[in-house]
Amino acid sequence: METKLCGIKLKNPTVLASGILGTSKSLLARVIGNGAGAVTIKSISFEAREGHKNPTVIAFEGGMMNAVGYSNFGVAGALKEFVNLNELEAPIFASVIGTEAEDFVKVVEGLKGLDFAAIEIPLSCPHTPGFGTLAGQDTPEKTFEITKAVVKKTKKPVFIKLSPNTKNIGEVAKAAEKAGASAITAVNTMGPGMVINIEAKKPVLDFKVGGVSGPALKPVAVRCVYDVYESVKIPIIGAGGVLTGKDAVEMMMAGATAVGIGSGIYYRGIDIFREVCSEISEWVEKNGYKNLKELVGVAHE
Amino acid sequence: METKLCGIKLKNPTVLASGILGTSKSLLARVIGNGAGAVTIKSISFEAREGHKNPTVIAFEGGMMNAVGYSNFGVAGALKEFVNLNELEAPIFASVIGTEAEDFVKVVEGLKGLDFAAIEIPLSCPHTPGFGTLAGQDTPEKTFEITKAVVKKTKKPVFIKLSPNTKNIGEVAKAAEKAGASAITAVNTMGPGMVINIEAKKPVLDFKVGGVSGPALKPVAVRCVYDVYESVKIPIIGAGGVLTGKDAVEMMMAGATAVGIGSGIYYRGIDIFREVCSEISEWVEKNGYKNLKELVGVAHE
Amino acid sequence: MSELPEIVKIIKITQENPCVKTFFFDKRIQAKPGQFVMAWIPGLDEKPFSLSYVGKETGITVEEKGKFTKRLFQMKEGDKIGIRGPYGNSFGLKANACVVAGGCGIAPLSTLIENLKNPFVILGARSKDRLIFEKRFPNAKITTDDGSFGEKGFVTDVLKNVLRDRKSEVIYTCGPEVMMKKVFEICESHKIGCQASLERYMKCGFGVCGQCEVNGFRVCKEGPVFSSESLREMKGFGGFARLKSGERVSVSEYIQWRCA
Amino acid sequence: MSELPEIVKIIKITQENPCVKTFFFDKRIQAKPGQFVMAWIPGLDEKPFSLSYVGKETGITVEEKGKFTKRLFQMKEGDKIGIRGPYGNSFGLKANACVVAGGCGIAPLSTLIENLKNPFVILGARSKDRLIFEKRFPNAKITTDDGSFGEKGFVTDVLKNVLRDRKSEVIYTCGPEVMMKKVFEICESHKIGCQASLERYMKCGFGVCGQCEVNGFRVCKEGPVFSSESLREMKGFGGFARLKSGERVSVSEYIQWRCA
Ligand SMILES: Cc1cc2nc3c(=O)[nH]c(=O)nc-3n(C[C@H](O)[C@H](O)[C@H](O)COP(=O)(O)OP(=O)(O)OC[C@H]3O[C@@H](n4cnc5c(N)ncnc54)[C@H](O)[C@@H]3O)c2cc1C
Ligand SMILES: Cc1cc2nc3c(=O)[nH]c(=O)nc-3n(C[C@H](O)[C@H](O)[C@H](O)COP(=O)(O)OP(=O)(O)OC[C@H]3O[C@@H](n4cnc5c(N)ncnc54)[C@H](O)[C@@H]3O)c2cc1C
Ligand SMILES: Cc1cc2nc3c(=O)[nH]c(=O)nc-3n(C[C@H](O)[C@H](O)[C@H](O)COP(=O)(O)O)c2cc1C
Ligand SMILES: Cc1cc2nc3c(=O)[nH]c(=O)nc-3n(C[C@H](O)[C@H](O)[C@H](O)COP(=O)(O)O)c2cc1C
Ligand code: FES
Ligand code: FES
């Protein structure tokens, strides 16, 4: 089950996705204790942000939807919260957001002293004005610009997180690779979507629309990972609707080296990491694979 | 329940979506017999097309996925199949596809003699090379060009069918409206997505990827209808994951005058139209509305 | 709800005649007589086949015709294919039944026969070496077009004779559509109910694409088994079928295309 | 699985004291003592509230504090709000219990009290006109800070006295966190189990967003009720809470912010 991602050793390929339970060091520790191979913190902007008003996270029949709006305690809060991360027994990935390239750089420099194993840059949130797709950060040009600026300022591996809503995700991935990204995270939430409460005659999310995650996202996420795998050589962290070991295997066959898990925590609880890992092992053994590397990308043959 | 759509009277707001059971006059008659307020034929190109190889249509946990690839018997076949449509007891909408604007025009002119109440133009299929999003027909520019060309050649109302994958669906709707479209159909299938069979190590659909419909699409479809409603004045046919009367009411509150139903036939059978209508009536009565028009767009207030 | 192929292993292959093999799988499928599955060869195609064995063993019986069946015929025990289903309706079980099978049409009828009490079975083929399941159903009345085994002639000739002597309440049939059409006509003239299992090109198999349509009926959903009431309304029965594009052609043209 | 608010009608409103009202809904919710719901005022906000009535009647008891509760207080019978849940764990039922409620903290404890056999209930408030449910629980020992009703002093003073005379196996408590912290310390010194219901700012309510976190515990999921084993590990208990941005502040700072 051991997995190498940009030179970082993970004891297994499951990674806590950003924005889910990544608000504190103790929660990260708990997720690691429940089997995660690596964990990502909730995205950090330079200044603290309150995010959108409640309701911010809902679940509909087919999946989850959120418009948290990047609430976070900013660099100052992160410096208090994420001290001595090397005490934790798995690599911790930072997640850094900003509006312009220089904002990303400011945060990366602000977090310099902390023990993050890598830095993830989401350019793909579909529901926060000024960020992600609403700010056009998902074009190949902007992706190149932001990636380049960040890569210049850090020696740590940089993961660029892409949107499933982008038309040519392969092109965006290529832009990130060209600018020096070490890995691609595919994908962020989809849509956005909207759920209207017909009795209230109002969208349920206070921001009206939100990014779709969980099972409804899975087939689109798998296709994105497949497309990205055809476009770049750097490894992929595949996220979107991974709930079971079989989902994880599917992501790997599409081209993922590691798999992100977020909404799955709602469906299966916090020990989903341990469960998914044991389901992967079981499947891998039954099907005569020697290691996970053999699975990566086999659906392309 | 009576609904007026671009001057066309429907006995209720449910419309059979294109590509589902729209292959023959007798099937259309049967769908009408099961309560549909209007029906749309499977999309017709000038020449007959075999489409993609099987598997072409699958259902995953969260919805359906298809890569039929616009198989159809072409204008010649349509002229044989769709004779005397005025014998049927509801309006029939044509669906016309092409690669360039002139192809659409050729088909529209070819079908001139048939009793279609309106012509739907999908610019939004996500899985057929040469058509829809793979051919860039979903940009505002192309949408304007194709719509304009078609509107010039027919006196019938023209519906432009949009993709949920397009970034600024409102802009595309505006382009269609400006070019003379009478209504917007929102939306076609999402993604595309991919399902990999991990035992076979292969994507299940022979075309590898397919458009996502049904429940997984619903929240994104509702958001698209909401966005289109904010952008144009022409009526909207809202499609995507409508399975129940409540789903239909949700679509209407987002801004739809009529609702398309396709995948729902898989989930509830061919009499879904009658069931959805009776569920709508029940809800409308219970909530003290006098007619459906009062519902359209109320979620915007 | 999902409709995705499940990979199954071929655990046994029996050669029924030079052109027909039965493939047995390592998966039990709960199915009623007459139902079919969609069989998937990854990377190639997916086609409908009736279940000819249900219960202790699960199998389909296939005639080598075109690309798909040729590839299937190259498969060995231990190889894998994908299966989804079962799909379609089933034969309605009645007493005093007569079963008329032509060629590969015995496939969906096999599990029906095993569920009937003392049915009279007529099993036809062009010649001796084209017979299928004559050992599985030793009481069947056999016909061959060339007289190389059993009675010389068509199954329909035997059926007419049988109906003279034996009170029958229902005739079940499957085989070439022209044969079934004749069987149905015989039933109509004798005022006996008929249940025929039709074949049309299929895509989804679960009633949404409209490919398998005949006069408003979906063969994959309201069929493949149709009774007299429906058959009477179906001008397309023995008349036309649709190619992959949806184009309507005569059934014989369709059969030629399908086997190419 | 889905977590979407359902619209319910307010069918009865009772004024418990000048600042507290109970809102009853036309929907039965299956909930265990201590569980909470997320209450949604469309277009405004969504907040967690403990169920203070479960069973024949369903209700929440709310203190007017900030924007949200102000709007709620303007609502009349027949008005509607959204509800989702119930969420969180519940009090573990034990014999020989003592219940210590401070102010609005009686809300989650109410249904617990109704499920306990002869609990000793201590009900405290700043003053007489701040008391809640003193009539619902006539056997409760009442305290007020100013002595305007019942015993003058803190609930914790009474608790200490009670523990001298009465064998108690568990103390259930809810109220201001500094009060609960004192109750817990008393329990610890007496080696009695404590179950305290904590309050933190919540977003999802079902354990994914991490907003309500205290030392690795999710108050919405592993809580809101925590027993001594957990309370001992929780440095944040009586210590810190998170603002909407996730920023960690002292509990008192949090309470001020929350009521703004
Ligand atoms: C529901 C259904 C399921 C099917 N499942 C399978 C399957 O699982 N596998 C598969 O390979 N195929 C299947 N088929 C295909 C079907 O069996 C073929 O259409 C049929 O077998 C013809 O193929 P053949 O070459 O074997 O018949 P032929 O050898 O041409 O004819 C068989 C018999 O039909 C009779 N017959 C032929 N022509 C006439 C005539 N003009 N008048 C009267 N009688 C006539 C004769 O008695 C002859 O002995 C299925 C068909 C249906 C309807
Ligand atoms: C799980 C949970 C559910 C809740 N549900 C609701 C709800 O449904 N509705 C709602 O409006 N609120 C709810 N709350 C809010 C909670 O009740 C408040 O934190 C509490 O009531 C404080 O508000 P108050 O102004 O009424 O208390 P106060 O009037 O300030 O104090 C109440 C009592 O606490 C004791 N106390 C105060 N200070 C001290 C001290 N320094 N040392 C010892 N004891 C002290 C005194 O005995 C006093 O009588 C909930 C809280 C929790 C934890
Ligand atoms: C409640 C919630 C909050 C999220 N917040 C963030 C975030 O702050 N930064 C980010 O990059 N992704 C965020 N995401 C996206 C997830 O990291 C992940 O990419 C997406 O949810 C798909 O994976 P899943 O289906 O396993 O949840 C969030 C997702 C959810 C459900
Ligand atoms: C099997 C299938 C075939 C389809 N074919 C077409 C088509 O030919 N033309 C078209 O405009 N839309 C086609 N669509 C899209 C539907 O018309 C509809 O827009 C979409 O499925 C969303 O609605 P639903 O969730 O109710 O199915 C097809 C959808 C399905 C599931
Ligand atoms: S095969 Fe699709 S409807 Fe029958
Ligand atoms: S409120 Fe989201 S985890 Fe508790």
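All values derive from a computational prediction rather than experimental measurement.

S.K.: Before we move on, could you go through the sheet that holds strand β9 (residues 141-144) of chain C and cite the residues and values that matter?
M.R.: Sheet strands associate in pairs through backbone hydrogen bonding, adopting either a parallel or an antiparallel arrangement. Residue and element names in this part refer to chain C. A sheet is described by the order of its strands in space; here 7 strands give the open sequence β10-β9-β8-β7-β11-β12-β15, paired in mixed fashion. Bordering the open sheet on either side are β10 (151-152) and β15 (225-227), each of which pairs with just one other strand. Of the strand pairs in this sheet, strand β8 (residues 120-125) and β9 are connected by 4 bridges, and their pairing is parallel. Residue G124 lies in a different strand from β9, and its bridge partner there is T143. Its contacts with the sheet place helix α2 (residues 106-115) against β7 (97-102), β8, β11 (170-174) and β12 (193-197), and it is angled at close to 155° to β7. Most of the contacts of helix α3 (residues 155-165) go to β8, to which it runs at about 160°, and overall it touches β7, β8, β9, β10 and β11.

S.K.: A description of unusual backbone geometry should follow, citing residues and the corresponding values.
M.R.: Cis peptide bonds are those with omega within 30 degrees of zero, and the linkage from G85 of chain C to P86 of chain C qualifies with 5°. For the bond from G223 of chain C to P224 of chain C, the omega torsion is 10°, close enough to zero to count as cis. Along the polypeptide, P224 of chain C turns up in the loop between β14 (217-218) and β15. One non-glycine residue, N84 of chain A, adopts positive backbone phi at about 50°. Along the chain, N84 of chain A turns up in the loop between α2 (74-81) and β7 (92-95).

S.K.: Please give an account of the environment of R30 of chain A that cites residues and values.
M.R.: Summarising the element assignment, R30 of chain A is placed in helix α1 (residues 25-33). The partly exposed category is assigned to R30 of chain A, whose relative accessible area is 23%. Sequence separation of R30 of chain A and I270 of chain A is 240 residues, and the distance between their C-alpha atoms is 8.5 Å. For R30 of chain A, the contacting residues outside a window of four places in its chain are I270 of chain A together with G216, F217, R218 and E222 of chain D.

S.K.: Residue-level account of the interface of chain A and chain D, with values.
M.R.: The interface is formed by 40 residues belonging to chain A together with 37 residues belonging to chain D. Of the roughly 3,100 Å² buried where chain A meets chain D, counting both sides, 56% is carbon and sulfur surface. Run the count over chain A and chain D and you get 3 salt bridges. For R242 of chain D, the salt bridge identified is with E81 of chain A, shortest N-O distance 3.1 Å. Counting across the chain A and chain D interface gives 18 residue pairs in polar contact (both at pLDDT 80 or more). For the side of chain A that touches chain D, the class distribution of residues is 20 nonpolar, 11 polar and 9 charged.

S.K.: Mind laying out the sheet that holds strand β8 (residues 120-125) of chain D, listing which residues take part and the relevant values?
M.R.: Residues and elements named next belong to chain D. Strand order across the open sheet formed by 7 strands is β10-β9-β8-β7-β11-β12-β15, with mixed pairing between neighbours. With one partner strand each, in any of the chains shown, β10 (151-152) and β15 (225-227) form the two edges of the open sheet. Helix α3 (residues 155-165) contacts β7 (97-102), β8, β9 (141-144), β10 and β11 (170-174) of the sheet and is inclined by roughly 160° relative to β8. In the packing of helix α4 (residues 177-190) onto the sheet, contacts are made with β7, β11 and β12 (193-197), and the angle to β11 comes to roughly 170°.

S.K.: Could you give me a rundown of the site of ligand 4, with the residues and numbers involved?
M.R.: Residue and element names in this part refer to chain B. Of all residues adjacent to ligand 4, which total 22 residues, the nearest are S18, S43, K161, G241 and S263. In this structure, S18 approaches ligand 4 through a main-chain N or O atom, which is 2.7 Å from an oxygen atom. Taking S263, its side chain carries an N or O atom lying 2.6 Å from an oxygen atom of ligand 4. Relative to its unbound accessible area of 600 Å², ligand 4 is 98% covered by the protein chains. Within the shell around ligand 4, the residues separate by chemical class into 8 nonpolar, 12 polar and 2 charged.

S.K.: Tell me about the arrangement of the chains, residues and numbers included.
M.R.: Between chain B and chain D there is no contact; the minimum C-alpha to C-alpha separation amounts to 11 Å. When C-alpha atoms are compared, chain C and chain D, though not in contact, are closest at a spacing of 15 Å.

S.K.: Requested: an account of the side chain of S95 of chain A, with residues and values cited.
M.R.: Residue and element names in this part refer to chain A. The topology assignment puts S95 in strand β7. A polar atom in the side chain of S95 sits 2.7 Å from the side chain of S43. Beyond its immediate stretch of four places on either side in the chain, S95 contacts S18, T40, I41, K42, S43, I44, E120 and P122.

S.K.: Give me the site of ligand 2: which residues, what numbers.
M.R.: Residue and element names in this part refer to chain D. Taken together, 27 residues form the shell around ligand 2, and within it S50, T61, E63, A125 and S197 come nearest. Between ligand 2 and R126, the relevant distance is 3.1 Å, taken from an oxygen atom to a side-chain nitrogen or oxygen of the residue. Taking D145, its side chain carries an N or O atom lying 3.3 Å from an oxygen atom of ligand 2. For ligand 2, whose free accessible area comes to 990 Å², the fraction covered by protein is 86%. Residue assignment for the shell around ligand 2 shows that the elements contributing at least two residues are β4 (45-53), β5 (58-63), α2 (106-115), β8, α3 and α4. Each residue belonging to the shell around ligand 2 can be placed in one class, and the counts come to 13 nonpolar, 8 polar and 6 charged.

S.K.: Can you tell me about the packing of aromatic side chains, naming the residues and giving the values?
M.R.: For the coordinates displayed, the defined rule picks out 34 aromatic pairs over all chains. A ring pair is formed by F93 of chain B and F159 of chain B, whose centres lie 5.0 Å apart and whose planes are at 80°; its orientation type is edge-to-face. One end of the pair, F93 of chain B, is in strand β7 (residues 92-95); the other, F159 of chain B, is in strand β9 (residues 158-162), and 66 residues separate them in sequence. A residue is classified by how much of its surface remains accessible, and F93 of chain B, at 0% relative accessible area, is buried. Each ring, one from F36 of chain D and one from Y87 of chain D, has its centre 6.0 Å from the other, and the planes form 50°; the classification is tilted. One end of the pair, F36 of chain D, is in strand β3 (residues 36-41); the other, Y87 of chain D, is in strand β6 (residues 80-87), and 51 residues separate them in sequence. The pair F36 of chain D / Y87 of chain D is uniform in exposure class, with both members buried. Note that R248 of chain D overlies the ring of F240 of chain D, its terminal NZ or CZ placed 3.9 Å from the centroid.

S.K.: Outline the interface of chain B and chain C, listing residues and values.
M.R.: Every contact between the two is made by 40 residues of chain B and, on the other side, 37 residues of chain C. Applying the counting criterion to the chain B and chain C interface returns 3 salt bridges. We note a salt bridge from E222 of chain C to R30 of chain B, for which the minimum N-O separation is 2.8 Å. The tally of links from chain B across to chain C stands at 18 residue pairs in polar contact (both at pLDDT 80 or more). Of all the secondary-structure elements, those providing two or more residues to the side of chain B that touches chain C are α1 (25-33), β5 (57-60), β13 (202-203) and α8 (264-268) of chain B. With 4 residues, β5 of chain B is the largest single contributor of residues to the side of chain B that touches chain C.

Criteria and thresholds
- Residues numbered from 1 in each chain as written.
- Chains lettered and ligands numbered in written order.
- Predicted model: local features only at pLDDT ≥ 70, side-chain atom pairs only at ≥ 80, totals over all residues.
- Heavy atoms only, no water.
- Pairing = 2+ DSSP bridges.
- Helix = DSSP H or I, 4+ residues; strand = E, 2+ residues; numbered from the N terminus.
- Contact = heavy atoms within 4.5 Å.
- Axes fitted to C-alpha atoms, helices over the stretch in contact; angles between N-to-C directions.
- Buried < 20%, exposed > 50% of the residue type's maximum accessible area, 1.4 Å probe, protein only.
- Buried area = accessible area lost by both parts, 1.4 Å probe.
- Salt bridge = Lys/Arg side-chain N within 4 Å of Asp/Glu carboxyl O.
- Polar contact = N/O pair within 3.5 Å; in protein donor to acceptor, adjacent residues only side chain to side chain.
- Nonpolar A, V, L, I, M, F, W, Y, C, P; charged D, E, K, R; others polar.
- Near = heavy atom within 4 Å.
- Areas by Shrake-Rupley, 256 points an atom, 1.4 Å probe, with all protein chains shown as cover.
- Phe/Tyr/Trp six-rings, centres within 6.5 Å; stacked < 30°, edge-to-face > 60°.
- Lys NZ or Arg CZ within 6 Å of the ring centre and 35° of its normal.

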